[in-house]
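Geometric and topological summary
Now for the letters of each chain:
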Amino acid sequence: MGKYTGKLKKKLEESLRAVLPIIGIVLVLSFTIAPITPSILLSFLVGAVFLIIGMMFFTLGAEMSMTPMGERLGTSMTKSKNIIVIIVLSFILGFIVTISEPDLQVLAQQVPSVPNVTLILAVAAGVGFFLVIAFLRMLLGVALPPLLVFFYAIVFGLVFLVPESFRGVAFDSGGVTTGPMTVPFIMALGIGISSIRNDHHAANDSFGLVALCSIGPILAVLILGMIYHPTGSDYSLAAIPEINDSVELWKLFGTELPAYMKEIAVSLLPIVVFFGLFQIFSLKLSGKTLTKIVIGLVYTYIGLVLFLTGANVGFIPSGNYLGQTLASLDYRWIIIPIGAVMGYFIVKAEPAVYVLNHQVEEITDGAIPASAMGLSLSIGVAVSIGLSMVRILWGIPVLYFLIPGYAIAIGLSFFVPKIFTAIAFDSGGVASGPMTATFLLPMAQGACMAVGGDMVTDAFGVVAMVAMTPLITIQILGMIYKIKEHRQDVSPVEDAYANMDEDAIIEL
């Protein structure tokens, strides 16, 4: 037990480093240019405590359970060497994991013109279909950039066939559905599949699953938009809590806690059942390994319950109120740099970002450090939130940013080392998780309301912007990496690597 206590302490330190900057920024703003009510400030601070403890449990739980479960399932599925079995199982797995994603429920509520069950099933089918494509790409060794060009060409072809009010929600869906439940599992599947390959491209191909799976929800929602012809999305803002005393403050969180306990239990159940069936018929892991995975699942459950309760109850109202207050100032342009600073720090608190950064560092044997990944993601999200605030203040359509942004990202993919392209497109879905949905999106909605903009066309699209900019910044990191490789004095050992194809520099 002492071993787990030490690990929890380490995770607590990491959680504090991730969340304290956000708390500091909100406190500075609330005591200076953006005064907020004591009720909202207290809700925010209690929510932050939930967030810190939740992140601590989740990050350790994901390492102990979700990652090893995904790796073993990926390895076991691939070893069967039956392509039909692989296709069927990967579709079922993608479908199950997506339905397990708590953020998908949030997305369904934002699209009232389409029935919730219809949207959830369509998005889950979209992810399942693209997980099949991602698996086949890895098994057949197909390059990622041509696939991205092909599928994003379809996406941007369909986007003009749906109403403008539906476009932001469609692109947001790609980021929302690749959240804390989906990302660790799908990324681990990729590592598991590539681990049985011994060629030089194995490390490159172990990434890219999230990249392709992020396209599925966008296409699914666009197709639903063509079927249902929605005229708009009536979105109601979260109620601002009014608290008179500490008992009411606790009730605010206490009443929501059981709902999230049930929601996360329902979310985890399909994955546990699927893994259990594999354990019985194929994996047959030892009791010690299974015990570790079970403990990890308990930690994951506790972490997600606390994290989502804190984010949804404490962060949504404060983000919304802060956006309204800042955009109501005489110098409302100040929300652009403030939004950028918020974006820079808030991505560090995304649970799935931690998983991505450490898996990248581990699988590349430190060649791409977690710190470099973290910096690139922070810069990307800072730029995206700054541009999102520009959009809101001046009512610029989201496609004016998404079309050139994706064009640049896909163009870069043909010039940078292939592993960086796969990681970059994975990171887009990873960066736009629950912290974006529960703080930055409400902040954008509050700002939009204050300036009298259209909530559906102007405020939505924030998640899409957050999902887009890391595609560019991570690939720029790849360009820097490539230039450094060429400039270095090559030792005899490095010379052996230098003569290999660029795809083979980093091996699994």
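Moving on: the pattern of salt bridges. Evaluation of the coordinates by the stated rule reveals two salt bridges. Across the pair Lys11 and Glu14 runs a salt bridge, and its minimum N-O distance is 3.8 Å. Of this pair, Lys11 and Glu14 both sit in helix α1 (residues 2-30), three residues apart, which is roughly one turn of that helix. What makes Lys11 buried here is its relative accessible area of 4%. Residues Glu63 and Lys11 are paired through a salt bridge, measuring 2.6 Å at the closest nitrogen-oxygen approach. Taken together, the residues span a long stretch of sequence, with Glu63 in helix α2 (residues 38-79) and Lys11 in helix α1 at a distance of 52 residues. Given a relative accessible area of 38%, Glu63 falls into the partly exposed group. The network of salt bridges with shared partners includes Lys11, Glu14 and Glu63.

Let's shift gears to the side chain of Thr421. Mapped onto the elements of the fold, Thr421 is located in helix α18 (residues 418-431). Judged by relative accessible area, which is 1%, Thr421 ranks as buried. Within polar-contact distance, the side chain of Thr421 engages the side chain of Gln475 at 3.2 Å. In contact with Thr421, other than residues within four places in its own chain, are Leu144, Pro145, Leu148, Ser413, Val416 and Gln475.

In this model, helix α19 (residues 434-451) (18 residues) spans 25 Å end to end at C-alpha, consistent with the 26 Å of a helix rising 1.5 Å per residue. Helix geometry: α19 is bent most strongly at Leu440, by close to 30°, with proline Pro442 lying one to four residues after it. Counting buried residues in α19 gives 15 out of 18 residues, a clear majority hidden from the surface. In the stretch just after α19, Gly452 is the one whose phi turns positive, near 75°.

Moving on, we come to the packing of helix α3 (residues 83-99) against helix α12 (residues 246-283). Put simply, α3 and α12 touch, their axes get as near as 9 Å, and they point 150° apart. Here α3 is positioned roughly antiparallel relative to α12, judged by the angle of their axes. Viewed along their axes, α3 and α12 form a crossing whose handedness is left-handed. Note on element contacts: α12 touches α3 through Pro270, Ile271, Phe274 and Phe278, opposite Leu89, Ile92, Leu93, Ile96 and Val97.

Using the criterion set out here, one finds one cavity of 30 Å³ or more in the structure. By volume, the largest cavity amounts to about 100 Å³. Taken together, 14 residues make up the lining of the largest cavity; nearest its centre are Tyr152, Ser214, Tyr406, Gly429 and Ala467. For the lining of the largest cavity, the elements supplying multiple residues, two or more each, are α7 (164-176), α18 and α21 (462-487).

Turning to helix α8 (residues 182-194), a few remarks are in order. If you check α8, its first and last C-alpha atoms are 19 Å apart, about what 13 residues at 1.5 Å a residue would give, namely 18 Å. With respect to burial, α8 is a largely interior element, 13 of its 13 residues being buried.

Further remarks concern the nonpolar core. Ranked by size, the top nonpolar core spans 165 residues in total, and within it Leu212, Leu402 and Phe439 carry the most contacts. Among the elements that make up this core, the one with the highest residue count is α2 (14 residues). Dropping the residues within four chain positions of it, Phe439 is found in contact with Val26, Phe44, Phe315, Ser318, Gly319, Leu322, Met342 and Ile346. Listed in part, the seven residues of the second largest apolar core include Tyr4, Leu8, Met56 and Phe57.

Together, Ile83, Ile84, Val88, Phe91, Ile92, Phe129, Leu139, Leu140 and Val142 make up a nonpolar patch on the protein surface, roughly 780 Å² of accessible area in all. Among the elements of the structure, α3 and α5 (116-140) are those that each provide at least two residues to the nonpolar patch. Broken down by element, the residue count for the nonpolar patch peaks at five residues, all from α3. Of note, Ile84 is situated in helix α3.

Moving on, we get to the environment of Glu263. Note that Glu263 resides in helix α12. Residue Glu263 is classed as partly exposed on the basis of its relative accessible area, which comes to 26%. Once residues lying within four places of it in the same chain are set aside, the contact partners of Glu263 are Pro102 and Gln105.

So, on to unusual backbone geometry. What you tend to see is this: most non-glycine residues have negative phi, and most peptide bonds are trans. Here Lys284, not a glycine, exhibits a phi torsion of approximately 50°, which is positive. The residue Lys284 is located in the loop between α12 and α13 (287-327) in this model.

Examined against the element boundaries, Leu399 turns out to sit in helix α17 (residues 399-412). On the accessibility criterion, Leu399 (8% relative accessible area) is buried. In contact with Leu399, not counting residues within four places along its chain, are Phe156, Val159, Phe160, Arg167, Phe171 and Pro404.

Below, the discussion takes up the confidence of the model for the chain. Residues at a pLDDT of 70 or more form 90% of the chain, whose mean pLDDT is 84. Across residues 490-508, where pLDDT falls below 50, the model places 35 contacts with residues more than four positions away in sequence or in other chains.

Attention shifts here to the packing of α5 against α8. Closest axis-to-axis distance for the α5/α8 pair is 10 Å, and the angle between their directions is 25°. In terms of their interaxial angle, α5 and α8 are classed as roughly parallel. The handedness of the crossing between α5 and α8 comes out as right-handed. Contacts between α5 and α8 involve Leu131, Phe135, Met138 and Leu139 from the first element and Ile186, Leu189, Gly190, Ile193 and Ser194 from the second. Of the residues that constitute the contact of α5 with α8, the class distribution is seven nonpolar, two polar and no charged.

Moving on, we get to a positive patch on the surface. Taken together, the side chains of Lys3, Lys7, Lys288 and Lys292 present a region of like positive charge at the surface. With respect to the secondary-structure elements, Lys3 resides in helix α1. The exposure class of Lys3 is exposed, given its relative accessible area of 55%.

How each quantity is defined
- Residues numbered from 1 in each chain as written.
- Predicted model: local features only at pLDDT ≥ 70, side-chain atom pairs only at ≥ 80, totals over all residues.
- Heavy atoms only, no water.
- Salt bridge = Lys/Arg side-chain N within 4 Å of Asp/Glu carboxyl O.
- Helix = DSSP H or I, 4+ residues; strand = E, 2+ residues; numbered from the N terminus.
- Buried < 20%, exposed > 50% of the residue type's maximum accessible area, 1.4 Å probe, protein only.
- Polar contact = N/O pair within 3.5 Å; in protein donor to acceptor, adjacent residues only side chain to side chain.
- Contact = heavy atoms within 4.5 Å.
- Expected span 1.5 Å × (residues − 1).
- Bend = angle between axes of the 7 residues up to and from the residue.
- Axes fitted to C-alpha atoms, helices over the stretch in contact; angles between N-to-C directions.
- Parallel < 35°, antiparallel > 145°, perpendicular 65-115°, else oblique.
- Left-handed = near helix turned anticlockwise from the far one by under 90°.
- 1 Å grid on protein atoms, 1.4 Å probe; cavity = no way out; pocket = protein on both sides within 12 Å on 5 of 7 lines; lining within 4 Å.
- Points joined across faces, edges and corners; volume = space filled by probe spheres on them.
- Core = buried A, V, L, I, M, F, W, Y, C linked by side-chain atoms within 4.5 Å.
- Patch = residues over 30% accessible without salt bridge, like charges linked within 9 Å, V, L, I, M, F, W, Y side chains within 5 Å.
- Areas by Shrake-Rupley, 256 points an atom, 1.4 Å probe, with all protein chains shown as cover.
- pLDDT = per-residue confidence, 0-100.
- Nonpolar A, V, L, I, M, F, W, Y, C, P; charged D, E, K, R; others polar.
- Lys, Arg positive; Asp, Glu negative; His and termini not counted.
- Charge placed at Lys NZ, Arg CZ, Asp CG, Glu CD.

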